[in-house]
Amino acid sequence: MTTRVPEEPGTGRPTTPRPAGGRTGQPAAPAEPGGTAGPTANAMRRALRRARDGVALDVTEAAVLLQARGDDLTDLAASAARVRDAGLAAAGRPGVITYSRKVFIPLTRLCRDKCHYCTFVTVPGKLRRAGHGMFLSPDEVLEIARQGAALGCKEALFTLGDKPEDRWPEAREWLEAEGYDDTLAYVRAMAIRVLEETGLLPHLNPGVLSWTDLQRLKPVAPSMGMMLETTATRLWSEPGGPHHGSPDKEPAVRLRVLEDAGRSNVPFTTGVLIGIGESYEERADALFELRRVQRAYQGIQEVIVQNFRAKPDTAMRGMPDAELEELAAAIAVTRHVLGPAARIQAPPNLVDGEYALLIGAGIDDWGGVSPLTPDHVNPERPWPHIDELAARTAESGFALRERLTIYPEFIARGEPWLDPRLMPHVRALADPETGLAREDTRPAGLPWQEPDEGFTATGRTDLHRTIDTEGRTTDRRDDFDEVYGDWEALREAAAPGMVPSRIDTDVRSALARAADDPTRLTDDQALALLHADGPALDALTRIADELRADVVGDDVTYIVTRNINFTNVCYTGCRFCAFAQRRTDADAYTLSLDQVADRAQQAWEVGATEVCMQGGIHPDLPGTAYFDIARAVKERVPGMHVHAFSPMEVVNGASRTGLSIREWLTAAKEAGLDSIPGTAAEILDDEVRWILTKGKLPTATWIEVIKTAHELGIRSSSTMMYGHVDQPRHWLGHFRTLARIQQETGGFTEFVTLPFIHTNAPVYLAGIARPGPTDRDNRAVMAMARLLLHPHITNIQTSWVKLGTEGAAEMLRSGANDLGGTLMEETISRMAGSSYGSYRSVKDLVAIADAAGRPAKPRTTLYGEVPEERVRAAAASDGHLPRLLPLLAD
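Thresholds, definitions, all that
Residues numbered from 1 in each chain as written. Predicted model: local features only at pLDDT ≥ 70, side-chain atom pairs only at ≥ 80, totals over all residues. Heavy atoms only, no water. Helix = DSSP H or I, 4+ residues; strand = E, 2+ residues; numbered from the N terminus. Buried < 20%, exposed > 50% of the residue type's maximum accessible area, 1.4 Å probe, protein only. Areas by Shrake-Rupley, 256 points an atom, 1.4 Å probe, with all protein chains shown as cover. Core = buried A, V, L, I, M, F, W, Y, C linked by side-chain atoms within 4.5 Å. Contact = heavy atoms within 4.5 Å. Pairing = 2+ DSSP bridges. Expected span 1.5 Å × (residues − 1). Axes fitted to C-alpha atoms, helices over the stretch in contact; angles between N-to-C directions. Parallel < 35°, antiparallel > 145°, perpendicular 65-115°, else oblique. Left-handed = near helix turned anticlockwise from the far one by under 90°. Nonpolar A, V, L, I, M, F, W, Y, C, P; charged D, E, K, R; others polar. Phe/Tyr/Trp six-rings, centres within 6.5 Å; stacked < 30°, edge-to-face > 60°. Polar contact = N/O pair within 3.5 Å; in protein donor to acceptor, adjacent residues only side chain to side chain. pLDDT = per-residue confidence, 0-100.

### Considering the overall build of the protein chain
Along its length, the protein chain carries 35 helices and 21 strands. A buried classification covers 63% of the 890 residues belonging to the protein chain. When the accessible surface of the protein chain is summed, it comes to about 30,500 Å², and 50% of that surface belongs to carbon and sulfur atoms.

### Digging into the nonpolar core
The nonpolar side chains of a soluble globular protein tend to be buried with one another. Residues Met613, Trp702, Phe735 and Met784 are the most contacted members of the largest nonpolar core, which totals 130 residues. No other element matches the eight residues that helix 31 (residues 775–788) contributes to this core. With residues near it in sequence (within four places) discarded, Phe735 still touches Leu530, Met720, Phe751, Val781, Met784, Ala785, Leu788 and Leu789. Core analysis: the next-biggest nonpolar cluster, separate from the first, contains 119 residues, Ala68, Leu195, Trp366 and Ile406 among them.

### Focus: the environment of Ile741
Tracing the backbone shows Ile741 in helix 29 (residues 728–745). With 35 residues separating them along the chain, Ile741 and Ile706 place their C-alpha atoms 8.6 Å apart. Apart from residues no more than four positions distant in its own chain, Ile741 is found in contact with Trp702, Ile703, Ile706, Lys707, His710, Gly746 and Phe748.

### Here we look at the pairing of strand 2 (residues 155–160)
In terms of residue burial, strand 2 counts as a mostly covered element, since six of its six residues are buried. Burial of the side chains of strand 2 extends over both faces: Glu155, Leu157 and Thr159 are buried on one face and Ala156, Phe158 and Leu160 on the other. With six bridges joining them, strand 1 (residues 96–108) and strand 2 adopt parallel strand pairing. Paired with Pro106 across the strands is Thr159, a residue of strand 2.

### Thoughts on helix 11 (residues 280–297)
Along its 18 residues, helix 11 runs 26 Å from first to last C-alpha, staying within 8% of the 26 Å computed at 1.5 Å per residue. Within the span of helix 11, buried status applies to Tyr280, Glu282, Arg283, Ala284, Ala286, Leu287, Phe288, Glu289, Leu290, Val293, Ala296 and Tyr297.

### Regarding the packing of helix 21 (residues 523–530) against helix 29
Helix 29 packs onto helix 21 with a crossing angle of 125° between their chain directions and a minimal axis gap of 9 Å. Relative to helix 29, the element helix 21 is oriented oblique. Judged by the twist between their axes, the crossing of helix 21 over helix 29 is right-handed. Together, Asp523, Ala526, Leu527 and Leu530 of helix 21 and Pro728, Arg729, Trp731, Leu732, Phe735 and Arg736 of helix 29 make up the contact between the two elements. Residue classes in the contact of helix 21 with helix 29 are distributed as seven nonpolar, no polar and three charged.

### Description of helix 25 (residues 647–657)
By the criterion of burial, helix 25 is predominantly enclosed, with ten of the eleven residues buried. Each element contacted by the buried residues of helix 25 is listed here: helix 7 (183–197), helix 8 (211–217), strand 14 (610–614), helix 24 (625–636), helix 26 (661–671) and helix 28 (699–711). Just beyond helix 25, the residue with positive phi is Gly658, at close to 80°.

### Points about the packing of aromatic side chains
Following the criterion strictly, the structure yields 14 aromatic pairs and no others. Their ring planes at 65° and their centres at 5.0 Å tell us that Trp174 and Tyr186 sit as a pair that is edge-to-face. A residue pair is termed long-range when its members are at least 10 positions apart, and Trp174 in helix 6 (residues 169–178) and Tyr186 in helix 7 qualify at twelve residues. Classification of Tyr186 by relative accessible area gives buried; the value is 0%. Among the aromatic side chains, those forming a connected cluster through ring pairs are Phe566, Tyr626, Phe627, Phe645 and Trp664.

### Some words on the side chain of Thr749
Its location among the elements puts Thr749 in strand 18 (residues 748–755). Residue class for Thr749 comes out buried when judged on its relative accessible area of 8%. A distance of 2.3 Å separates a polar atom in the side chain of Thr749 from a polar atom in the side chain of Glu750.

### Considering the confidence of the model for the protein chain
Mean pLDDT for the protein chain: 88, with 86% of residues reaching 70 or above. Every residue in residues 1–35 is under pLDDT 50, and counting partners more than four places away or in other chains gives 171 contacts. pLDDT under 50 marks residues 884–890. Its contacts with residues more than four places away, or in other chains, come to 24 contacts.

### Concerning the pairing of strand 17 (residues 715–722)
Burial runs high along strand 17: seven of the eight residues are buried. Pairing between strand 16 (residues 675–676) and strand 17: two bridges, direction parallel. What sits directly across from Ser675, in strand 17, is Arg715. Bridge count for strand 17 against strand 18 is six bridges, and the pairing is parallel.

### Some details on unusual backbone geometry
The omega torsion of the bond from Glu415 to Pro416 falls at 5°, within 30 degrees of zero and hence cis. Among the secondary structure elements, Pro416 is positioned in the loop between helix 15 (408–413) and helix 16 (423–429). The omega angle of the peptide bond from His790 to Pro791 is 0°, so this bond is cis rather than trans. Tracing the backbone shows Pro791 in the loop between helix 31 and strand 19 (796–797). Notably, Gln298 is not glycine yet its phi reads approximately 55°, a positive angle. Tracing the backbone shows Gln298 in the loop between helix 11 and strand 6 (300–307). Take Gln298: its relative accessible area is 33%, and that puts it in the partly exposed class. One non-glycine residue, Phe645, lies in positive phi territory at about 75°. By the element assignment, Phe645 lies in the loop between strand 15 (641–644) and helix 25.

Right under this line is the structure:
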């Protein structure tokens, strides 16, 4: 691990808070409350007493304590040290301060940002004049790593500028010449080579990352990092500020990265920089933001508190260095705010030998120390010798122990925090009892490869049948309290979004507009109709049903299909999902490829034209597993339409293989994929998504996958799951988004309403979600789907597995024209608590249409005519399916 995260060039050392009026070109901090004077003696005494008593501090009290000096600092540090010591005892390593033996790999010194304190960053001309390339070459990277391994280093710290190709044509040209699409592709490739050829564990600091970037890099690095630095937006937005002109330094952007890392189960290093003109309140706010993120996701493995050091030839060269008492106070307050479980680090080469001061303030880690490479961000500050660091640490009564780039707590957590492909590399270097480093072990290269298990049939593979006869073993998975994040924090986050909107629009005028021309409905009118009830709701459903008849006629379509859920092992942490299991849970299972193909063949024999295949995000299945699944079905049943793999599975496959989403979908199509389900959409509003799921793809990525598939000629369905922590305003936004996509691509085959099944859903069991949609909600959503998606998406489907026979018939009277499929097996809704079985015969589906007073008609996935041979096969087998298939009525 690094002494701090010099992730992008610029992990600059900011200055201490100071009165306004600094020299021209330097940021001037706003004066503290009451002018430049510090806090009152009473305020300091009160805050110190609360810290001593272990009472939770607020931002104002933290800002006061950040100004503690002299005896007040001694008092503050003593209470912080007690908190630290309690945390180390709880972690099983009392009296231990850790460090990581590392090499520093400055992959590129080019950057698109312009931080005013950074000397790491340079420009292409200077690199050329010095005889350097735009990036380190693979040979240069590996030479550094090999030398480090020979010296006993175990961490390879990759530091580099943010997206240099966006600013520098020379960076783009270098990457193109070497065959890389972007900088992150090169980072990923070099991390793999370091793992395979040296055994060092990569810690990646490539700057701001998107959710998709994190998925892409997680399989190649046990940990990643990026300094938060500050939450003072003005230091980024105002001219003359230290981050002005640096797009990646916007605090909101950096907080989003921390949240996405937590959602993605990435052990993450972050921290604060004390003083680039921020006030004490702003500094305290940054600490509380770190606490908020950590409370929600538990993914921050260490927090660096770093002091500014001015450097020549920078815009901030005249700023005074942060005083060490300033640093000690910041460390002590960080300890109090983040608590005993936090791992808090200070860089030993920036403390002028005042080791005891910082240990006394509450640190428990010195970060990365290299016996080989300099600190490329602070080259004028050499690392201390490790023996000297150990001796100085011992003077304060602590033992110095080596750790790995991934902290012991995260090694102990295992899945999903550590990718299976990295397990052998980490285990080779980790003490099995403590999780710290094996100090007498030298790294050695190991293959970076998929686990050996692959497609091996394991677990409760008969769940598709026994879910209807025996049910699930328990109502929740064993790691219920950990895998979904902090429930109390989630409850607080969910509350604002669940407040209903005030509706002032006249419903009668909205109904008139809907009947006349639904494409002219305003958002206010649409929202009023989504809230309709009583006679207004009856009128709304009549209007929708009349529009349905005009657009698609009276036929109720259905498809003879089979669901095949090939695994339910998943660690994504979707809080609405009762299907996902840990590999060790009693209801967990994975099918073999032969079992998948067998089920497809059996479905063909009874008249199916489609198999719909989706599964959990199993950590052991390679990214190419999806290709193998599609190919296995096509080889066994060439005529079967393969409707498979949600956008989440697409992103998982792409990140695991290192392919782009377009490349992965192209390969999947070549393997036999015909269309994809538009599931994993839930609600296309991140306000709701981040309550419903911890780690699923964000809205923008779902849209990217869908639009890319459509561009490649891969059609998809579209869906919306509703009735949980959402409100009608979220439904409206979802419909508008789908309509825009369809206008652009024309790739949606239908829209499917998915009422939330609450019974066994974790978010309901935790007391956060409501118990599914009401009958009113179902009717309003169906009717408005017909109206708001008109004329772009003409097929609107209801779900008999979620609503039953009577409920589905009611939806057919409210605007729906499609019943979906026979399914033959269905475990996702059944695991959630649906009571309507897993199979409907063709006669059952015809009966639902009859109940709505409409004729029924079979269809293909793309709503085409079904070959007569398939119709005859379905009729001949209807009600006489093989023993493998469940046969249960309502």
